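Understanding the architecture of this molecule
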Amino acid sequence: MRPLRSVFLLLAPLCVLAQPQKSVLVITSTPSDYLMAAGGTLANLIAQGYTVNVVQIGNDEKNSIGLSPADSRLANNREGEKAAKTLGIREVYVLNHKSGELGHVSPNEIRNQLFGLVRHYKPQIIFHPDPWVHYQPDWDQFFSARAAEEFSYGAGRYVGEGF
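Keep in mind that this is a model prediction, so the values were computed, not measured.

Calculation notes
Residues numbered from 1 in each chain as written. Predicted model: local features only at pLDDT ≥ 70, side-chain atom pairs only at ≥ 80, totals over all residues. Heavy atoms only, no water. Helix = DSSP H or I, 4+ residues; strand = E, 2+ residues; numbered from the N terminus. Contact = heavy atoms within 4.5 Å. Buried < 20%, exposed > 50% of the residue type's maximum accessible area, 1.4 Å probe, protein only. Pairing = 2+ DSSP bridges. Right-handed = clockwise from strand over helix to strand, strands pointing away.

1. A look at the side chain of Thr30
By secondary structure assignment, the location of Thr30 is in the loop between β1 (23-28) and α2 (31-47). Ignoring sequence-local partners within four residues, the contact set of Thr30 consists of Gln56 and Asp60.

2. Considerations on the pairing of β1
For β1, a buried count of 6 out of 6 residues is recorded, marking the element as mostly surrounded by other parts of the structure. Residue alternation in β1 divides its side chains into two sets, Ser23, Leu25 and Ile27 and Val24, Val26 and Thr28, and both sets are buried. Two elements, β1 and strand β2 (residues 51-58), share 6 bridges in a ladder whose sense is parallel. Paired with Ile27 across the bridge in β2 is Val55. In this view, the connection linking β1 to its parallel neighbour β2 by way of α2 has right-handed handedness. Here β1 pairs with strand β4 (residues 125-127) via 3 bridges, running parallel. Directly across from Val24, in β4, lies its bridge partner Ile125.

Structure below.
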């Protein structure tokens, strides 16, 4: 009886660690897109115990006035990282495709990168922009959202189930 008890005491912490984690993945072209559109919802999910990770497809090098593309990329990504930390986001993974030129990147390349990241993070919830919003003339959002939508439907199952 005594050895069985000690085995249970050794395995009990592993049972706690084996519980599925509640995970959210945000796919965005730039930091401002998800922070303005879903920042409050993400903060609420984090407060409920979800782990939130962000995949940023574009490098945000063309979103400033008076800075070179390189300085703009560094400043915008630094501000995005700071905002993500303030919100409680665990990790921001930047794919570094050139902003404003996502239409020139193979959709298969972006989709394959997203597949790999979904398998890594194993999210139960995915946020991405709506690719069919006609009032927002941001082509980076369109191409990011289209790739995210294609991979999520192309998986043939709900995200988080079997990844």
